[in-house]
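# A closer look at the structure
Chain residues, written in single-letter form:
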Amino acid sequence: MSKSKAFGPGLAGAAVALALAMQPAAAQGWETVRIATEGAYAPWNFSNPDGTLAGFEIDLANNLCERMEVTCEIVVQDWAGIIPSLQSGKYDAIMAGMNITDQRLEVIGFSIPYAGGPHGLAVMADSPLADLPGEGRLSLDSDPDAVAALIAEWTPMLEGKVIGVQGSTTNSNFLTEYLGDIVEIREYGTTEQHDLDLSAGRLDGIFAAHSAFNATMQKPEFADMKIVGPGLSGGVLGRGVAVGVRQENEDLRDMFTKAIEDAKADGTIKELSEKWFGLDMTPAG
């Protein structure tokens, strides 16, 4: 009896599966990875006047694809449809400033985080909200009492105010859960749209990631915009920005995770985040 027959059908199949699992990723079918980004969320990702894409996630996506030895194709997708289009197979992954949340984990998978940072409120300098109290950083997970006290202190100042936010985001989830009974929430398709309405006086404030605010405030027309209150993280705001993939593509998820670990270890993420944000956005751990 030959050794091949001695395995039997089940063991032979297991041996083949193990051999395939040990082959390079490209041999398993991931020669090209299509990555969706919003293209309207500077400095994470944005479109130049000539239509080319730029930003932290564009540079990082290309770097991760090089590490994974795959061809990287980056496509633009409106934020509102970015998860459904992933699920339908329009592309293979999402890199669009998307935070890991329990709700999103119900429908897609995530790599480990490649960036993190606080969220909060911004107003124009001449706004009555310019002196909104609070400073430093607060976690919705580890500082719940301090967050509750902050909201109570904010309530008289925020009551009836109109706050802009990008829809279908962790930021809109925060406003709904923590300030929904206090302020009027106005949702927008992109952060650029609510930035413009803030500067035009159609909003009292906006709620977004501090990293997005920092990019906006570098524009001359937003020189009088300022961040107010503390930076908030955790809870409904998520567990860090990561690559989203279809749940069944565990191999692709693991490829991204390994590439991100390597990019963290050799300082690439630190270098790219300092280039685009002016600070180190490398997540802890």
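The sections below set out a description of the structure shown in this document. All figures in this text were calculated on a predicted structure; none of them were measured in a lab.

Cut-offs used in this document
Residues numbered from 1 in each chain as written. Predicted model: local features only at pLDDT ≥ 70, side-chain atom pairs only at ≥ 80, totals over all residues. Heavy atoms only, no water. Helix = DSSP H or I, 4+ residues; strand = E, 2+ residues; numbered from the N terminus. Polar contact = N/O pair within 3.5 Å; in protein donor to acceptor, adjacent residues only side chain to side chain. Contact = heavy atoms within 4.5 Å. Buried < 20%, exposed > 50% of the residue type's maximum accessible area, 1.4 Å probe, protein only. Pairing = 2+ DSSP bridges. Right-handed = clockwise from strand over helix to strand, strands pointing away. Salt bridge = Lys/Arg side-chain N within 4 Å of Asp/Glu carboxyl O. Phe/Tyr/Trp six-rings, centres within 6.5 Å; stacked < 30°, edge-to-face > 60°. Axes fitted to C-alpha atoms, helices over the stretch in contact; angles between N-to-C directions. Parallel < 35°, antiparallel > 145°, perpendicular 65-115°, else oblique. Left-handed = near helix turned anticlockwise from the far one by under 90°. Core = buried A, V, L, I, M, F, W, Y, C linked by side-chain atoms within 4.5 Å.

### Quick word on the side chain of Thr 101
Positionally, Thr 101 belongs in the loop between strand 6 (93-94) and helix 4 (102-105). Of note is the side chain of Thr 101, whose polar atom sits 3.1 Å from the backbone nitrogen of Arg 104. When neighbours within four sequence positions are excluded, Thr 101 is seen to be in contact with Thr 170, Val 236, Gly 238 and Arg 239.

### Describing the pairing of strand 10 (residues 162-166)
In terms of burial, strand 10 is a largely internal element, five of the five residues being buried. Side chains Val 162, Gly 164 and Gln 166 of strand 10 all project onto a buried face; the interleaved residues Ile 163 and Val 165 project onto the opposite face, where all are buried too. In this structure, strand 10 lies alongside strand 11 (residues 184-188), joined through five bridges in parallel fashion. Across the sheet, the residue bridging to Gly 164 is Arg 186, located in strand 11. Considered for its hand, the β-α-β crossover made up of strand 10, helix 6 (residues 170-179) and strand 11 is right-handed. Pairing of strand 10 with strand 12 (residues 205-209), which is carried by two bridges, proceeds in the parallel orientation. Paired with Gly 164 across the two strands is Ile 206, which belongs to strand 12.

### Some words on the environment of Val 165
Here Val 165 lies in strand 10. Its relative accessible area of 0% is what places Val 165 among the buried residues. Sequence separation between Val 165 and Gln 193 is 28 residues, and the spatial gap between their C-alpha atoms is 9.3 Å. Contacts of Val 165, omitting those with residues within four sequence positions, involve Asn 171, Ser 172, Leu 175, Ile 185, Arg 186, Glu 187, Tyr 188, His 194 and Phe 207.

### Section: the pattern of salt bridges
Tallied over the entire structure, the rule returns 11 salt bridges. Residue Asp 262 pairs with Lys 258 through a salt bridge whose shortest N-O separation is 2.7 Å. With a gap of four residues between them, Asp 262 and Lys 258 both fall in helix 9 (residues 250-265), about one helical turn apart. Judged by relative accessible area, which is 30%, Asp 262 ranks as partly exposed. Taking the relative accessible area as the measure of exposure, Lys 258 reaches 46% and is therefore partly exposed. Salt bridges sharing partners connect three or more residues here, namely Asp 92, Arg 246 and Glu 248.

### Points about the packing of aromatic side chains
Under the counting rule described, the total for this entry stands at eight aromatic pairs. Arranged with centres 6.3 Å apart and planes meeting at 45°, the rings of Phe 56 and Tyr 114 form a pair that is tilted. In this pair, Phe 56 sits in helix 2 (residues 56-68) while Tyr 114 sits in strand 7 (residues 109-115), placing the two residues 58 residues apart along the sequence. Exposure class is identical for Phe 56 and Tyr 114. Each is buried.

### Overview of the packing of helix 2 against helix 10 (residues 268-277)
One can describe the packing of helix 2 onto helix 10 by two numbers: an axis separation of 9 Å at closest approach and a directional angle of 160°. In terms of orientation, helix 2 and helix 10 fall into the roughly antiparallel class. The hand of the helix 2/helix 10 crossing is right-handed. The residues of helix 10 that touch helix 2, namely those facing Phe 56, Asp 59, Leu 60, Asn 63 and Arg 67, are Thr 268, Ile 269, Leu 272, Ser 273, Lys 275, Trp 276 and Phe 277.

### Observations regarding the nonpolar core
Within the largest apolar cluster, 31 residues are counted, with the highest numbers of intra-cluster contacts made by Trp 44, Phe 56, Tyr 114 and Phe 256. Contributing elements (two or more residues each) for this core: strand 1 (32-37), helix 2, strand 7, strand 14 (241-245), helix 9 and helix 10. Those residues in contact with Phe 56, other than ones at most four positions away along the chain, are Pro 43, Trp 44, Tyr 114, Ala 115, Ile 269, Leu 272, Ser 273, Trp 276 and Phe 277. By size, the runner-up hydrophobic cluster in this structure holds 23 residues, among which are Leu 129, Val 165, Leu 179 and Leu 232.

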